[in-house]
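# Summary of the model geometry
Chain by chain, the residues run as shown.
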Amino acid sequence: MLARAPELLTSPTSLLNPDPHSILTLPMRSSLFSSLSLFRSLTHSPFHDFRHRLSLHSLCNYPLTRKTFRSFRSLKCLSTSAKHLACESDSSLELEEKWDLASNYENETDLFNFDGDLGNLGAGVDLKQVDAPALEVKALEELPEQWRRSRLAWLCKQLPAHKAGTLVRILNGQRKWMRQEDVTYVVVHCFRVRENETGFRVYKWMMQQHWYRFDFALSTKLADYLGKERKFAKCREVFDDIINQGRVPSESTFHILVIAYLSAPVTGCLEEACTIYNRMVQLGGYQPRLSLQNSLFKALVTKPGGSAKQYLKQAEFIFHNLVTSGLEIQKDIYGGLIWLHSYQDTIDKERISSIREEMKQAGIQEDKEVLVSVLRACSKEGDVEEANRTWFKLLQMDGNIPTQAFVYMMEVFAKAGYHIKSLELFREMQEHLGSASVAAYHKIIEVLCQAKEVESAESLMQEFTESGMKPLMPSFVDLMNMYLDLDMHDKLKLAFSACLKDCRPNRTIYTIYLDSLVKSGNLVLAEETFNQMCGEGAVGINPRSCNIILGGYLSSGEHVKAEKIYDLMCRKKYDIEPSLIEKLDYVLTLTRKVVKKPVSLKLSKDQREILVGLLLGGLRIESDEDRKEHMIRFELNENSNAHSILKRHLYDHYHEWLHPSCKLTDSNDEVPYRFSTIRHSYFGFYAEQFWPKGRATLPKLIHRWLSPQVLAYWYMYGGYRSPSGDILLRLKGSSEGVEKVVKSLKAKSLNCRVKRKGRVFWLGFLRNDSIWFWKLVEPYILDDLKDILKAGNDETSENTSGETQDMNFDSDPDFDEGASEYSDIETS
């Protein structure tokens, strides 16, 4: 890496456009670079000798005036940059001027040394064998004009030291004389000194010039180096540009981009890695390296089983490529494929059998993990015969039988109608392992409740509660459903009270309890419970709960209340159960000439303020410019405790706007971490204000919208509380927009410090300022989030992002120019 030279110029004017004529007014040797061999042979510093001779010559021929001294200082700076570029040119000969990608990778053994176990499969090792197009760049001494060499030398030293806005202004100052060959040299120089971020910015500037011509080799080189630094967003941008130019990216670019995505702990990156891999095979016609395919497959099967089952087709595609390419298929590939099949809703028994047969032919013995996967598949089908054969194989192996195997065998017996055998197996598990697992308690209580074995289920539930194990909620749900089916409403009420005492309340148990109250005729308590569900953000209501209370009002003749529930369901676009429609039509015709139809969609005041807060926190809006329709994408972090609670609240608040594919069913009441609204022109105002042309920005009138409720949802969605109790808010936009937000907060007596990290600004409310901020927003914070987000030093603070680490708010605020120059946030 080249050593950094001292600053060349001090005045702002010369910084943007150095005057070459002041440099050339003094006599100089015709070429500094033609005497490199002489420089290397001298024992003294080459720059010192050159400066010494120049000083003697200057003193003998020119008076030492102030003007001469300024010219001498300029020449001193030029000689420094020329020397550095000469050394760089000389060193580049040793690394080959063509910049062959394969040779460079051999010198970077830690290129793909990623966190976790991903690197164990050696995904980056085979890159030595991946060819990339050669990039030929002229050496600096080959340029005919001395002034051009001088300016390029100056740019190569200046640009890496500046941020995006200043860098663009410097380049704009050189626009009159720079050509594509000159900019290419600067970009390649940035590669050589490992300033890849600067190289990307220079490349983006070059693309906007009228003389720009697409250079496949340069684009490939840039994408590869950005990918090596895990800058997957920028790497993908260059990758897409190559495709848009009608070219197929090189194999190295595909390979590096897949690994960059796999190494990023960001939601959605695994899906992007799969997309790039598929295009590598189908579009590029390349044969991915064994290590790359192993790494991608391993990333698929390291997801939790419930979420990993969607990747079955992708895993089968990788397996097919391994087979057709004649590559070695490892034991983990076979086991992972069976594992994915075992989690499917519909089990493909023939496919599992064929994979097991291939393992046998390859001489690979089935381990416990594979046998447990087979038992899982058997439990979904109720295949007792195959389950017994698999269980016998587990008994013959050394060590204890995995606890999951007991659970799946209990489910197999239950599916076959042998719930007593399930209970016996549960007791054997306690005897052999010393205690039963939480999953085993859940399963056996579920089995006994489905079999309506009341006394056994109650006994095991008491045993489970006294054991201190968590969570208890699934078993309480099974127990309460059994009581509801048997019309044991008094016991159901006791179970509901016990559940509220030991567990965090949720919508499922409230809905079961509400159903019990309506069936038992206790409408007064049912109405109180329904209102309580509406008031608690972590609980909320759904179509089932509304239909339950509506049916209760219709049956008891409470027509006015029934109409109110009907109006509520119209606003939320809930479907009414067919059994209630006839009664409801009769009630409505008594008071209304025309049956009221669902009202047109319109955001309420609360929905508007919540939406503004979410947009400040990073919520995205996708626009269809042709049809002038816009869609809001709710994307929450699976690793955030705050988001896991907030998602239910947001889902309920915008239920009437959600796309039909995102609507939950009675069988699946778990809100996903990703859901979106329908495309609607009503969101056009917010798209124009916050996401014009797909680029995040801050509205000019944002200072008018920063209400306490807006700030609260901004905090819940895009904020963190540091371990010291300070409050940090994430914000994306220009420095002018951020400054406007800060001034508006200050007008509300909320002082904050600002720091910039990448393309994102962070507003820090420190010490007493965090207390004042909390007092302002606390009334609008969800009750279940107050302990997590409350300002002040506490062990329950949450900062799962890692983005806010090592961020010092004690220095001056960062309002850097050009904060929104590019639309993408580089989160990698």
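Reference entry: report on the structure contained in this document. Predicted model, so just to flag it, every value in this text is computed and none were measured. Starting from 1, residues in each chain are numbered consecutively following that chain's sequence as written. Note on the predicted model: pLDDT of at least 70 is required for a residue's local features to be given, and 80 or more for side-chain atom pairs to be given and counted; whole-chain, interface and lining totals, by contrast, use all residues. In computing side-chain properties, one takes all heavy atoms of the structure into account and sets aside hydrogens as well as water.

## A short note on the sheet that holds strand E3 (residues 674–676)
Two strands are counted as paired when DSSP detects at least two bridges linking them. By the criteria applied, helices consist of DSSP H or I runs no shorter than four residues and strands consist of E runs no shorter than two, each listed in order from the N terminus. Strand order in the open sheet formed by 3 strands is E1-E2-E3, and the pairing between neighbours is antiparallel. Only two strands of the sheet have a single neighbouring strand rather than two, namely strand E1 (620–624) and E3. Averaged over all neighbouring strand pairs, the angle between strand axes comes to 25°, with direction disregarded. Bridge count for strand E2 (residues 629–635) against E3 is 3 bridges, and the pairing is antiparallel. Bridging across to E3, Phe634 finds its partner in Phe675. Axis lines are fitted through C-alpha atoms, for helices just across the contact stretch, and the angle between N-to-C directions can take any value from 0 to 180 degrees.

## Thoughts on the packing of aromatic side chains
Centres within 6.5 Å are what make two rings of Phe, Tyr or Trp a pair, Trp counting through its six-membered ring; a difference in plane orientation under 30 degrees is then read as stacked, over 60 as edge-to-face, and the rest as tilted. According to the stated counting rule, one finds 25 aromatic pairs in the structure shown. Plain terms: the ring middles of Phe239 and Phe254 are 5.2 Å apart, the flat faces sit at 80° to each other, and that makes the pair edge-to-face. A residue pair is termed long-range when its members are at least 10 positions apart, and Phe239 in helix H12 (residues 232–244) and Phe254 in helix H13 (residues 251–262) qualify at 15 residues. Exposure categories follow from relative accessible area, calculated using a 1.4 Å probe and restricted to protein chains: below 20% of the type maximum is buried, above 50% is exposed, and the middle band is partly exposed. Looking at Phe239, the relative accessible area reads 0%, which means it is buried. Each ring, one from Trp339 and one from Tyr343, has its centre 5.1 Å from the other, and the planes form 70°; the classification is edge-to-face. Trp339 sits in the buried class, given a relative accessible area of 17%.

## Topic: helix H7 (residues 146–158)
For H7, built from 13 residues, the straight-helix expectation of 18 Å at 1.5 Å per residue is met to within 8% by its first-to-last C-alpha distance of 18 Å. In terms of burial, H7 is largely enclosed, as 11 of its 13 residues are buried. Those residues of H7 that fall on the buried side of the exposure criterion are Arg148, Arg149, Ser150, Arg151, Leu152, Ala153, Trp154, Leu155, Cys156, Lys157 and Gln158. A helix is expected to span 1.5 Å multiplied by its residue count minus one.

## Some remarks on the pairing of strand E6 (residues 753–757)
Every other side chain in a regular strand lies on the same face of the sheet, so the side chains alternate between the two faces. Here E6 runs beside strand E7 (residues 760–765); their pairing, made up of 5 bridges, is antiparallel. Paired with Arg753 across the bridge in E7 is Gly764. Hairpin connection of E6 to E7: 2 residues between the antiparallel strands, including Gly758 at a positive phi of 70°.

## Quick word on the sheet that holds E6
The sheet built from 4 strands is open, its strands ordered E4-E5-E7-E6 with antiparallel pairing. Of all strands in the sheet, those bounded by a partner on one side alone are strand E4 (719–721) and E6. Adjacent strand axes in the sheet meet at a mean angle of 25° when their direction is disregarded. In the sheet, strand E5 (residues 727–731) pairs with E7 via 5 bridges, with the strands oriented antiparallel. Within E7, the position partnered with Ile727 by the bridge is Phe765. Of the strands in this sheet, E5, E6 and E7 touch helix H37 (residues 735–747), which is tilted by about 15° from E7. When checking whether two residues touch, look at their non-hydrogen atoms; a contact exists if any pair is within 4.5 Å.

## Details of the pattern of salt bridges
Counted as salt bridges are all cases of a side-chain nitrogen of Lys or Arg within 4 Å of a carboxyl oxygen of Asp or Glu. In the structure shown here, the tally under the stated rule is 30 salt bridges. We note a salt bridge from Asp345 to Lys309, for which the minimum N-O separation is 3.1 Å. Of this pair, Asp345 sits in the loop between helix H18 (331–342) and helix H19 (349–361) while Lys309 sits in the loop between helix H16 (305–308) and helix H17 (312–324), and the two are 36 residues apart along the sequence. One network of salt bridges, in which partners are shared, links Arg356, Glu366, Glu385, Glu386, Arg389 and Lys393.

Nothing here speaks to function; it is all geometry.
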